[in-house]
Each structure stands twice: as C-alpha cells, then as structure tokens.
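Structural features, examined
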Amino acid sequence: MSALVESRGLTKHFPLQRGRTVHAVDDVSLAIAAREIVGLVGESGSGKSTLGRTLVGLHDKTAGEVYLEGQRLPRRYAAADFRRYARSMQMIFQDPYTSLNPRMTAGEIVGEGLRLHGSADGVEVRKRVTGWLDRVGLGREHAGRYPHELSGGQRQRVGIARALILEPTFVVCDEPISALDVSVQAQIVRLLEELKQSLGLTLLFIAHDLSMVRYVSDRMAVMYLGSLVETGASKDVYSRPLHPYTQVLVASNPEPDPQGERERKRIPITGEISSPINVGAGCRFASRCPEVLDICWTTTPLLRPTAREADDHHVACHLYEPATAPRASQAPADPL
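For clarity, every value in this text was computed on a predicted model and none was experimentally measured.

1. Some details on the overall build of the protein
From N to C terminus, the protein includes 10 helices and 12 strands. A globule of 336 residues ought to have a C-alpha radius of gyration of about 20 Å, and the protein, at 21 Å, matches this closely. Considered along the principal axes of its C-alpha atoms, the protein spans approximately 70 × 50 × 40 Å. Every one of the 336 residues in the protein was classed for burial, and the buried ones make up 51%. Working note: accessible area of the protein is about 16400 Å², and carbon and sulfur atoms make up 49% of it. Of the side-chain charges in the protein, 40 are positive and 39 negative, and the distance between the mean point of each set is 4 Å.

2. Things to note about helix α9 (residues 244-252)
By the criterion of burial, α9 is predominantly enclosed, with 7 of the 9 residues buried. Turning to α9, its buried residues are Pro 244, Tyr 245, Thr 246, Val 248, Leu 249, Val 250 and Ala 251. At its buried positions, α9 is contacted by α7 (210-216), β9 (219-224), β10 (227-233) and α8 (234-239).

3. What about the pairing of strand β7 (residues 170-174)?
A large share of β7 lies buried, amounting to 5 of its 5 residues. Residues Phe 170, Val 172 and Asp 174 of β7 are buried on one face, and the alternating residues Val 171 and Cys 173, pointing to the opposite face, are buried as well. As defined by bridge partners, strand β6 (residues 89-92) adjoins β7 across 4 bridges and the pair is classed as parallel. Among the inter-strand pairings, Gln 90 is bridged to a residue of β7, identified as Val 171. Of the pairings in the sheet, the one linking β7 to strand β8 (residues 202-206) comprises 5 bridges and is parallel in character.

4. Considerations on the nonpolar core
In terms of nonpolar packing, the biggest core is built from 60 residues, with Val 158, Ile 160 and Phe 205 touching the most fellow members. Here the element with the most residues in this core is helix α6 (residues 182-199); it accounts for 6 residues. Setting aside residues up to four positions removed in sequence, Val 158 forms contacts with Leu 100, Ala 106, Ile 109, Val 110, Leu 138 and Leu 150. Val 28, Leu 30, Leu 51 and Leu 68 belong to the second largest nonpolar core, which has 26 residues in total.

5. Observations regarding the sheet that holds strand β11 (residues 304-305)
Read across the sheet, 8 strands follow the order β6-β7-β8-β3-β9-β10-β12-β11 without closing on themselves; strand pairing throughout is mixed. Every interior strand has two partners, whereas the edge strands, β6 and β11, have only one. Its contacts with the sheet put helix α5 (residues 152-164) on β6 and β7, and the angle it makes with β6 is roughly 175°.

6. Regarding the sheet that holds strand β1 (residues 3-15)
Sheet architecture is open: 4 strands sit in the order β2-β1-β4-β5, paired in antiparallel fashion. Two strands close off the open sheet at either side, each with one partner strand: β2 (21-33) and β5 (71-72). Sheet topology places strand β4 (residues 63-68) next to β5; 2 bridges connect them, and they run antiparallel. Within the sheet, the bridge partner assigned to Tyr 67 lies in β5 and is Arg 72.

7. Considering the pattern of salt bridges
Evaluation of the coordinates by the stated rule reveals 9 salt bridges. In this structure, Arg 72 engages Glu 65 in a salt bridge whose closest nitrogen and oxygen atoms are separated by 4.0 Å. A residue is classified by how much of its surface remains accessible, and Glu 65, at 19% relative accessible area, is buried. A salt bridge links Glu 65 to Arg 75, with the shortest nitrogen-to-oxygen separation between them at 3.6 Å. Here Glu 65, found in strand β4, pairs with Arg 75, found in the loop between β5 and α2 (79-85); they are 10 residues apart in sequence, far enough to count as distant. Residue classification places Arg 75 among the partly exposed positions, given a relative accessible area of 40%. Here the salt bridges share partners, and the residues they tie into one network are Glu 65, Arg 72 and Arg 75.

8. Digging into unusual backbone geometry
The phi torsion at Asp 27 lies on the positive side, around 55°, for a residue other than glycine. Mapped onto the elements, Asp 27 comes out in strand β2. One non-glycine residue, Glu 175, lies in the positive phi region at around 45°. For Glu 175, the location among the structural elements is in the loop between β7 and α6. Residue classification places Glu 175 among the buried positions, given a relative accessible area of 6%.

9. Remarks on helix α4 (residues 123-135)
Between its terminal C-alpha atoms α4 stretches 18 Å, which fits the 18 Å expected from 13 residues at 1.5 Å a residue. Regarding α4, the residues found buried are Val 125, Val 129, Trp 132 and Leu 133. Angularly, the buried residues of α4 cover 100° about the axis, an arc narrow enough to put them on a single face. Turned more than 90 degrees off the buried face of α4, the exposed positions are Val 123, Lys 127 and Asp 134. If you follow the buried residues of α4, they end up packed against α3 (106-116), α5 and α6. Downstream of α4 by one or two residues, Gly 137 has phi in the positive range, about 90°.

Definitions and limits used
Residues numbered from 1 in each chain as written. Predicted model: local features only at pLDDT ≥ 70, side-chain atom pairs only at ≥ 80, totals over all residues. Heavy atoms only, no water. Helix = DSSP H or I, 4+ residues; strand = E, 2+ residues; numbered from the N terminus. Rg over C-alpha atoms; globule rule 2.2 N^0.38 Å. Buried < 20%, exposed > 50% of the residue type's maximum accessible area, 1.4 Å probe, protein only. Areas by Shrake-Rupley, 256 points an atom, 1.4 Å probe, with all protein chains shown as cover. Lys, Arg positive; Asp, Glu negative; His and termini not counted. Charge placed at Lys NZ, Arg CZ, Asp CG, Glu CD. Contact = heavy atoms within 4.5 Å. Pairing = 2+ DSSP bridges. Core = buried A, V, L, I, M, F, W, Y, C linked by side-chain atoms within 4.5 Å. Axes fitted to C-alpha atoms, helices over the stretch in contact; angles between N-to-C directions. Salt bridge = Lys/Arg side-chain N within 4 Å of Asp/Glu carboxyl O. Expected span 1.5 Å × (residues − 1). Arc of directions from axis to C-beta.

Printed below as a string of structure tokens:
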C-alpha cells in the first residue's frame, strides 16, 4: 500500500548554549497509508508532539525528508508553503484553550482558514462555518461565543472544525483528548472516527493512553527519547509487545476488570532516563531496561522486522538480533 505521508530519516534538534543540542526527534522513518490511523505513543518528552509538528511544517527539519503523496516537502517552510500545504495537512492541538485566539469568536476561528486561503468569503464563509459547527456537534448559537464561554469539549470541537474546514487529507491529532473529561474523551474519539469514515481522513493520533490508541488506530508506533522503538498493527503491538519499553507501557496500562487488574503482572523499572542532550551511542532505553545486554551500551539498534513476527511488526532491540551478546549485570560507569 502506497504511503500518503512518509518521513525518511526525519530529525529535529534544538540547539542550546555552549554547543549542546536537544535531540528531540532522531532519524524517524514512518509511512502512513491513505485512510489509515496511526497511533503514536510514549512518555512525555519522548518527542511525539515535535514529530507531529515537524511533519506538518511547524518546525523546520534538521535533517531527513517528509513526502506528501510522493512529493518532497520543503525543509524550511516559507509563508507561501504554509498557504500551499495547509490545505492538505492540518493539526489539532492538545490544549483547546491556549490554541484558540481569545479575541476571536468560535465562528471567526473556524472560518479563518477559508478567508486566509481565499476559499470563500462573506455569505459562503458563514454558511460553511455553520455547517461545520453542526457537523462537530455544536449549534449555530456557538458561533458568536468566545473560547472562555465554551466548555473544554466544545473548545476542542471548535479546534477540530477549524482544522477540517479546509478538507485536508492528513491531520495530526496531538493528544486531542488528554485535557478533557473521560465522558467527553469518548465523544471526541467517536467524532474523529465518524469524520475519518465520511471524509476519508488520514490521521496521526498522538496519545498517552495505550488502550485508547489500540481502540482508535490501525497501526501503533512507540517512541522513546526521540526514536521509534516498535511499530506494527495496533492489536499485535498491544497483545504481543516486543520491545522492553513497550512491554513496560502495556503492563502499566490499567485494566478495566478489577480482577484482571489485581492479577496483572507488573514489570519493575529502575534507573534514570537518559538525557536527550548530546546523545551518545547505544540504546537510549539501556539505563532503564530490565533486559539490557552489553551491546546495548555501545551500538544503537535498528528498527527492523523480526523472524518470528509478521513483516509489518518492527522492533529496535538487540534482543531480536540474529545473535545477541551476553546479558549485562549492571550499567558501565559512563555508558554515554
């Protein structure tokens, strides 16, 4: 299946003072097929949001490429590039309050893209804004309200309408439900699923909740300190996690069944998180990994399929290399 959006070796670094660099995203290659939802999971600070923002051009690329329908996108967006590609690529932000202009009404916010891109004006803008507010579950009476006059769920619906009114083909959903109540989260997820079916959307769904990602996505990608450590069909990654980090995430995810929660085996995790500044060689999870090998401290594992799994299930871990090194008893004094 051909990819609608694809990153190849995508890298985003943030320079600091004294020659130091934050490796927010490092050498990420990810292909997303048309009409597919890919769930991106990982801890806070793993680079998920930076990856999403870099894909849509909100961050300049340090290295690597992004392709949209086979066309290579610019490394650094000019104003004309934003106007050109925003029709096809949009983003729904995590915080529905700070991402909306407090000086604009909901109707003005939703219709702003149409006016900026010259897609419509006057009566046509108002007509399409009203239609999209209705489509995301808001009435026309909400068009004249300011963000502070709306609930969290209503503000997120405004953000969704703003992103989709230009009818993009690819949308990055950056934790669109994390700031909402549980009942509202379910409503927003159902809304996104309905819009995906009716509009044929392709989504990158960023979230912390693995059970939610398993429910809403076709494939899952697990990220740790700027790198992808495992990808595959959501049901396979969740039910048969391969990478030790993915296993820890799945084991820490609460079970809805009280009996199952009591009997669930937890994986203890110790050690300190490696610094994303001036990252050295080796696996970035080595300092916390319960299955660490000697080779993990010196050689960075590659994301590749394993012999005992389907070809679409990939993992970056030396445990699944053809030949593995002896198990390390403890971390070296200075692994990085």
